[in-house]
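# Residue-level structural notes
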Amino acid sequence: MGHQACYPLEPGGALRVRTGSPWDWHVGDGAGKNMHWHRIAWPCLVAMAGLVAGCNGPADEPGSLASRPATAVIAQPVEMASFASGIEALGTARSNESLDVSANLTEKIISLDFDDGSDVKQGALLARLDDTAERAALAAAKARLAERRRTLERSRSLVSDRVLSESEVDLRASEVETAVAEVAELEALISDHQIRAPFDGRVGLRMVSVGALIRPGDVITTLDDIDTIKVDFTVPETELARLKPGVPLVARASAYPDRRFEGEVSAVDTQVNPQTRSVLARAVIDNRERVLQPGMLIELEVLARQRQSLAIPESALVPRGERQFVFRIIDGKAERVEVTVGTRQPGVAEITDGLQAGDVVVTDGTIKLQPGTTVEVTERSAVLPSRSSATEN
């Protein structure tokens, strides 16, 4: 059979065909007027149609989602957790009770009855001042009191014999009362020479030595009750509606960066500062371990507006620009779902829309997934990542 070739149509619908050798040109006008063009053109048209179909038809998909093996992932169910909108503030730690231990008279110290940094109970003797003269005076006063009481008894027996008048007996009774007052005064003076702890607490360093002459106002040591720490802090007046006594809070100190201390707001001042438009509040923090010390800078986070919300690990989030997605597992396949993220904390994210409690989301392996991927859960966590509280700044 002779060689045939087809060429594009020319303007006007003509078809040029080459057949055999030597070259022969047959031109048709599209109406079948010229040579037997249809017997030559049909093979060309069929070949061209096959070429077009081969170019535009579906390609083989040996790597399609249906044929791929299941992708191993780690997943976790969506759970409910506590969240709160936080009010952040700074304050300085103060003792629950604090004082400078000193004397209220001038005298020499004869003993110090505590060790530096030791814990003492209320009423414990801390220091004694020289009270030799006062004790001698007290002994004399007690002797005078005993003598006057005996005189009073004798006088009362003489009244019945009409030897003494009632007025003289009353005089003797007043002398007894005076002697009683003198004894009480000297006992109080001796008590002032004994310096005792007014409350349970921890003493600081000794500032004086035995034998030193102490004067009123001189500090012997300090005494602090630090089982509870107070922190005064200020917040803007715009937060006043959320700041109430009893609202819980957490505190941190730079000396213990990995520790959190629980507490609550104990009181809010009754006035707003007109210059700063802020209000003063006081927090109390449990410090029974006595790790916080007065004077420390404390970072506070007041957990106002507490609520229960859906929570997932932050690792489950797949950002796409400003939008957030997660891969939810349904019937063994990954489904990409857009979610709305509320409060964030390292390791935990609050979900306000897009998921329901009990949904299972992929937490590890999301980079290998696309919608419709078959997945195999190799590990499932039962709880959220460890967290102390979730707060919104």
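To be clear, the structure that these remarks concern was listed above.
Notes on the structure in this doc start here. In this text, all values refer to a predicted model and were calculated from it rather than measured experimentally.

This brings us to the sheet that holds strand E9 (residues 194-196). Strand pairing in a sheet takes place through backbone hydrogen bonds and is either antiparallel or parallel in direction. Read across the open sheet, the four strands follow the order E9-E8-E6-E11; overall the sheet is antiparallel. Strands with a single pairing partner mark the edges of an open sheet, and in this sheet they are E9 and strand E11 (213-214). Taken together, the three bridges between strand E6 (residues 107-112) and strand E8 (residues 125-129) define a ladder with antiparallel strand orientation. For Ser111, the partnering residue across the bridge sits in E8 and is Arg128.

Here the focus is the pairing of strand E13 (residues 248-253). In this sheet, strand E14 (residues 256-273) lies alongside E13 in antiparallel orientation, the contact comprising five bridges. Opposite Ala253, over in E14, you have Tyr256 as the bridge partner. Here E13 folds back onto E14 in antiparallel fashion, the turn holding two residues. Across five bridges, the pairing between E13 and strand E16 (residues 297-313) is antiparallel. The residue bridging Arg252 from the neighbouring strand is Glu299, located in E16.

So, on to the packing of aromatic side chains. Across all of its chains, the model carries one aromatic pair by this definition. On the basis of an interplanar angle of 75° and a centroid distance of 6.4 Å, the ring pair of Tyr256 and Phe261 is categorised as edge-to-face. With a relative accessible area of 4%, Phe261 lands in the buried category. The cationic tip of Arg336 hangs over the ring face of Phe325; the distance from NZ or CZ to the ring centre is 5.6 Å.

Thresholds, definitions, all that
Residues numbered from 1 in each chain as written. Predicted model: local features only at pLDDT ≥ 70, side-chain atom pairs only at ≥ 80, totals over all residues. Heavy atoms only, no water. Pairing = 2+ DSSP bridges. Helix = DSSP H or I, 4+ residues; strand = E, 2+ residues; numbered from the N terminus. Phe/Tyr/Trp six-rings, centres within 6.5 Å; stacked < 30°, edge-to-face > 60°. Buried < 20%, exposed > 50% of the residue type's maximum accessible area, 1.4 Å probe, protein only. Lys NZ or Arg CZ within 6 Å of the ring centre and 35° of its normal.

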